[in-house]
Amino acid sequence: MNGYRCFACAETQSADFAGFVCPDCGGNLDITYDYAAIADEVAGGFGDERTDLFRYAPLLPLKKSESPFPLRLGGTPLYAAPRLGGLLGLRNLYLKDDTVNPSASTKDRAGAVALRRAIDIGADVVAVASTGNAGSSLACLAAALGLHAVVFVPESAPIAKLTQCLSFGATVFAVRGSYDDAFDLCLSASDEFGWFNRSTGYNPFTREGKKTCSYEIWESLGRRAPDRIVVPTGDGNLLSGIWKGWRDLHAVGLIDRLPRIDCVQSEGSAAICQAVRLIRDSGTEEPDWSGVAVDEVQASTVADSISVDRPRDGLAAVKGVLQSGGEAVTVPDEEILAAVPEMARTTGIFAEPAAAAPWAAIRQLVRDEKIGADELVVCIVSGSGLKDIAGIRKAVAAPLLIDPSVEAIKESGAFRFAR
Ligand SMILES: Cc1ncc(COP(=O)(O)O)c(C=O)c1O
Ligand SMILES: [Zn+2]
């Protein structure tokens, strides 16, 4: 890395800047690189025998580390999904299965880079505000590294995510209030006690972890970009990271075409989609970013991971959607929930509601004729269904309760199955 640039006012800081946000306007910071120098290094690919996300070291803002990370981070599979795609006539649908990360969500990518940064600067207590996944991820990775994690979640966080945090030995504050209240408290507490704050968006290193998802998709597809990537969005950091990954590959000359990035939100938590639509409706091609506001909403959705009133990486996400020519798609909760078993039945991948939202969005994009049958489409499956059983339970039928006899199976009628 060679410095930072503010997403809002474009002011730059040098690489030794110690803060996390722009000292001029408070905007989020983008980490910058000397792409010309890196281009030479990666011209033939990344050429690293590691299979985890640290294989992309030339494009990561970290010191060289002699010891490998004790858990495998990233390096997740990209699966073709012909039967799921076939439901809508799509011939080139792929799922990026980030549920197989150590804590079962894509948040581990962000945590990996943020925690290595924490170690680089000598921190030993790491804190995060979270709807649940960033917390369980931080707790997991901190446990592996021998650091102490402090996690702030809204008291409504799903029990599986909370239990993960507690099992990994984190100090967990269940805040009486929303995710946004937890976020503000984590910020004040980190200032007060000198903790390294890994909170999403606010900490620029989280985006650098998430961007590795794009590098992996590029490699899995035989070193090319898809036509579009469909991204579940709350704070907007996953989306801004995915977009950055492709821009990096473009900047170092490894791709010559950028994909569209589609933003998916629940209708009940759609601050970023609303901001994109406002700008598009105004007919502005390239707005003055320092004047763009992502207005707060009162979020309420079954997809708890993407339930956000005030997106903490909203501006960067809005930029990603607009600059890439992607769609801003809002989906109702019923369609998000229905997408979970539909994906599971046709692919064998069990997604939490937020992670199934991209499939619900694709249904809508096909309905509106915005996706062609031959487009190469990648959905980011960002978290495991095991994280929110209570939510998903509403979308599946009850089991068939029977006496323990073959007769009872016959009486149930459920014994002849079509392939
Ligand atoms: C499973 C899952 N999907 C998607 C997201 C959205 O990421 P972001 O909040 O960066 O937009 C999250 C964030 O918590 C998540 O946990
Ligand atoms: Zn600024």
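In what follows, the structure referred to is the one given above.
Participant: Would you mind going over the pairing of strand β8 (residues 171-175) with me for this structure?
Facilitator: Looking along a regular strand, one sees side chains alternate from face to face of the sheet. In this sheet, β8 lies alongside strand β7 (residues 148-154) in parallel orientation, the contact comprising five bridges. When the bridges of β8 are listed, Pro154 appears paired with Val175. The handedness of the β7 to β8 crossover, carried by helix α5 (residues 159-167), is right-handed.

Participant: Explain the coordination of the zinc ion (ligand 2) here, please?
Facilitator: Six octahedrally arranged donors around a metal ideally form angles of 90 or 180 degrees; four tetrahedrally arranged donors ideally form angles of 109.5 degrees. Coordination of the zinc ion (ligand 2) by the protein is provided by Cys6 (SG), Cys9 (SG), Cys22 (SG) and Cys25 (SG), with metal-donor distances spanning 2.3 to 2.4 Å. Note that the zinc ion (ligand 2) binds four donor atoms; their angles at the metal cover 98 to 117°, and the shape is tetrahedral. Considered as a linear motif, the donors of the zinc ion (ligand 2) on their single chain read C-x2-C-x12-C-x2-C. One end of the pair, Cys6, is in strand β1 (residues 3-6); the other, Cys25, is in the loop between β2 (12-14) and β3 (29-32), with 19 residues separating them in the sequence. For Cys25, a relative accessible area of 41% puts it in the partly exposed group.

Participant: Quick question: what am I supposed to make of the packing of helix α4 (residues 133-145) against α5 here?
Facilitator: One can describe the packing of α4 onto α5 by two numbers: an axis separation of 8 Å at closest approach and a directional angle of 20°. Considering the angle they form, α4 stands roughly parallel to α5. Seen along the crossing, α4 lies across α5 with a hand that is left-handed. On α5, the residues touching Asn133, Gly135, Ser136 and Ala139 of α4 are Lys161, Gln164 and Cys165. Partitioned by chemical class, the residues of the contact of α4 with α5 number two nonpolar, four polar and one charged.

What counts as what
Residues numbered from 1 in each chain as written. Chains lettered and ligands numbered in written order. Predicted model: local features only at pLDDT ≥ 70, side-chain atom pairs only at ≥ 80, totals over all residues. Heavy atoms only, no water. Pairing = 2+ DSSP bridges. Helix = DSSP H or I, 4+ residues; strand = E, 2+ residues; numbered from the N terminus. Right-handed = clockwise from strand over helix to strand, strands pointing away. Donors = N, O, S within 2.8 Å, 3.2 Å for Na, K, Ca; no water. Tetrahedral: all angles 85-135°; square planar, octahedral: opposite > 155°, others 65-115°. Buried < 20%, exposed > 50% of the residue type's maximum accessible area, 1.4 Å probe, protein only. Axes fitted to C-alpha atoms, helices over the stretch in contact; angles between N-to-C directions. Parallel < 35°, antiparallel > 145°, perpendicular 65-115°, else oblique. Left-handed = near helix turned anticlockwise from the far one by under 90°. Contact = heavy atoms within 4.5 Å. Nonpolar A, V, L, I, M, F, W, Y, C, P; charged D, E, K, R; others polar.

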